[in-house]
Amino acid sequence: MKTWLVTGGAGFIGSNFVLRARSRGLARIINLDLLTYAGNVHNLDCLREDPDHVFVRGDIGDRDLIGELLGRYRPDAVLNFAAESHVDRSIDGPDPFIQTNVVGTFTLLKEGLRHWRGLSVAEQAGFRFLHVSTDEVYGSLGPADPAFSECTPYAPSSPYSASKAAADHLVRAYHHTFDLPTLTTNCSNNYGPRQFPEKLIPLMILNALEGKSLPIYGDGLNVRDWLYVEDHCAAIEQVLFEGRPGEAYNIGGACELTNREVVRAVCGVLDELRPRSPYRPHDSLITFVKDRPGHDRRYAIDSTKVRSELGWHPEETFETGLRKTVEWYLRHADWVQSIQSGEYQDWIRRQYGEP
Ligand code: NAD
Ligand code: DAU
């Protein structure tokens, strides 16, 4: 069986990826996660008895630890999901974004290269360093601009997207200069089970359930391209197995929606699934609040390359994926309670003020 070192595998996308990979028996997984506020070890509860899932709490910036894990487990691939991922937090305090997203990725690359150089020629040929990145590195589109392709110049606008762009450039340089067999994926907005409720969709679901206001930034006409997390994970698998070393692949749902449309859709599903809620119709809870500084207006992904070269396509529509997502949050009140810790409450107060 193959062995993969997965970083950030207790977070939203990483945990969905690890659960999916283990349920299909794709590889033994060494899961390295620092368990920041966004990481939740309970996401991995059902793997507790799984001998082919090894959880290690630690930092991707810890060079000795990375060297030790690579030496001990000799993985066939490193998949880097670990990151500080929330744009608003990067505006509030960018330092951890530079540390984890830039310095952490650099450390993984340095140690990954050292490991790769020590492999046999056959092992070197099979090894992959897959870096999970974002469409935000391309900046913001105007209403009539074509969607981001892999050739769109980088123009990041927030500390978060700038840190991700810096990491992408390092990954590219490690392939170009040292031949490390890297792959980069640049994906659009994900939604689905286990997403931390600082992000738009889970925040709106949980606020609406409690009858709290649904804060939409600015005029609510910013556009995002939404993809169900399971479809993103399937694309990453496909890129890992079939992608060409040194290449980047854009992944997106071809599902452009304004934030108003997204929040109304969430409210519509809740109206249907919670017909006796005192807060129905839930869209009466919508309020327009101060805009995010430097708020990117529109993202849209052209995923022709991953579709035509690797045969990937999303399985879920926004309607089916959103329904699954809302149902998951309704069924997992215990999960919600576990992450509504003191730190989380502090963040919500800093970002949105006292209730
Ligand atoms: P997340 O914030 O939910 O999870 C990040 C995980 O990384 C957490 O488990 C956290 O504990 C861990 N982590 C943070 N710093 C670490 C460190 N120094 N060492 C080890 N682990 C650390 O993020 P997510 O939404 O799951 O995003 C995963 C990746 O996908 C990120 O690289 C992000 O940039 C990218 N991405 C996210 C989206 C999206 O819509 N969420 C879209 C495209 C790309
Ligand atoms: O595009 C991919 C990116 O998508 C990922 O790289 C990021 O890690 C991920 O966080 C996400 O970034 P966004 O900034 O697009 O996601 P967020 O859920 O924070 O916001 C989505 C949109 O909703 C954005 O236009 C801001 C708006 N918004 C967000 C929040 C939290 C609101 O209007 N109100 C809110 O309270």
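Before going into details, it helps to say that this report is about the structure given with it. The model shown is predicted, which means the values in this text are computed figures rather than measured ones.

**Some points on the site of ligand 2**
In the vicinity of ligand 2 there are 24 residues, among which Thr134, Asp135, Tyr160, Arg292 and His295 approach most closely. Between Thr134 and ligand 2, the recorded distance is 2.7 Å, taken from a side-chain N or O atom to an oxygen atom. Between ligand 2 and the protein, one listed contact pairs an oxygen atom with a side-chain N or O atom of Asn259 at 2.9 Å. Across the complex, the protein chains shield 94% of the 690 Å² of accessible surface that ligand 2 would expose by itself. Top contributing element to the shell around ligand 2 by residue count: strand S8 (residues 214-217), with three residues. Counted by class, the shell around ligand 2 contains ten nonpolar, eight polar and six charged residues.

**Regarding the site of ligand 1**
Ile13, Asp33, Ser85, Tyr160 and Lys164 are the nearest of the 28 residues found near ligand 1. A distance of 3.1 Å separates a nitrogen atom of ligand 1 from a polar backbone atom of Leu34. At a separation of 3.4 Å, an oxygen atom of ligand 1 approaches a polar backbone atom of Val132. Contact with the protein chains removes 97% of the 840 Å² of surface that ligand 1 exposes when unbound. Mapped onto the shell around ligand 1, the elements with two or more residues apiece are helix H1 (12-23), strand S5 (128-134), helix H6 (159-178) and strand S7 (189-191).

**Focus on the packing of aromatic side chains**
On inspection of all chains with the given rule, the structure shows 16 aromatic pairs. Note on Tyr37 and Phe196: the rings are 5.1 Å apart at their centroids and 85° apart in plane angle, and the pair reads as edge-to-face. Of the two residues, Tyr37 sits in the loop between strand S2 (28-33) and strand S3 (53-57) while Phe196 sits in the loop between S7 and helix H7 (200-209), which places them 159 residues apart along the sequence. Note on accessibility: Tyr37 and Phe196 belong to one class, buried. Ring geometry for Tyr191 and Tyr228: centres 5.6 Å apart, planes at 65°, overall edge-to-face. Taken together, the positions of Tyr191 in strand S7 and Tyr228 in strand S9 (residues 223-228) put the pair 37 residues apart, joining distant regions of the chain. The pair formed by Tyr191 and Tyr228 is uniform in burial state, with each residue classed as buried. Put simply, the rings of Trp4, Phe17, Phe81 and Phe241 pair up and form one aromatic cluster. The positively charged end of Arg89 is found above the aromatic ring belonging to Tyr37, 3.5 Å away from the centroid.

**Remarks on the pattern of salt bridges**
Across all of its chains, the model carries 22 salt bridges by this definition. Here Glu237 makes a salt bridge to Arg20, at a shortest N to O gap of 2.7 Å. In this pair, Glu237 is assigned in helix H8 (residues 229-242) and Arg20 in helix H1, connecting sequence segments 217 residues apart. You can call Arg20 buried: its relative accessible area is 12%.

**Considering the sheet that holds S7**
Ordered in space as S7-S9-S11, the three strands form an open sheet in which the pairing is mixed. With one partner strand each, in any of the chains shown, S7 and strand S11 (256-258) form the two edges of the open sheet. Strand after strand, the sheet turns through a mean of 50° between neighbouring axes, direction not considered. Across three bridges, the pairing between S7 and S9 is parallel. In the sheet register, Asn190 faces S9, and the bridge partner there is Leu227.

**Quick word on the nonpolar core**
Grouped together as the largest cluster of nonpolar side chains are 33 residues, with contacts concentrated most on Trp4, Val6, Phe17, Leu79, Phe81 and Leu130. Of all the secondary-structure elements, those providing two or more residues to this core are strand S1 (3-7), H1, strand S4 (77-80), S5, strand S6 (182-187), H8, strand S10 (248-251) and helix H10 (304-310). Ranked by residue count, the leading element in this core is H8, at seven residues. If we skip the residues at most four places from it in the chain, Val6 touches Phe17, Val18, Ile29, Ile30, Asn31, Leu32, Leu79 and Phe81. One finds Phe196, Leu270, Ile286 and Trp335 within the second-largest nonpolar core, a separate group that totals 31 residues.

Scoring rules and cut-offs
- Residues numbered from 1 in each chain as written.
- Chains lettered and ligands numbered in written order.
- Predicted model: local features only at pLDDT ≥ 70, side-chain atom pairs only at ≥ 80, totals over all residues.
- Heavy atoms only, no water.
- Near = heavy atom within 4 Å.
- Polar contact = N/O pair within 3.5 Å; in protein donor to acceptor, adjacent residues only side chain to side chain.
- Areas by Shrake-Rupley, 256 points an atom, 1.4 Å probe, with all protein chains shown as cover.
- Helix = DSSP H or I, 4+ residues; strand = E, 2+ residues; numbered from the N terminus.
- Nonpolar A, V, L, I, M, F, W, Y, C, P; charged D, E, K, R; others polar.
- Phe/Tyr/Trp six-rings, centres within 6.5 Å; stacked < 30°, edge-to-face > 60°.
- Buried < 20%, exposed > 50% of the residue type's maximum accessible area, 1.4 Å probe, protein only.
- Lys NZ or Arg CZ within 6 Å of the ring centre and 35° of its normal.
- Salt bridge = Lys/Arg side-chain N within 4 Å of Asp/Glu carboxyl O.
- Pairing = 2+ DSSP bridges.
- Axes fitted to C-alpha atoms, helices over the stretch in contact; angles between N-to-C directions.
- Core = buried A, V, L, I, M, F, W, Y, C linked by side-chain atoms within 4.5 Å.
- Contact = heavy atoms within 4.5 Å.

So, to be careful, I would describe these as geometric facts and stop short of saying anything about function.
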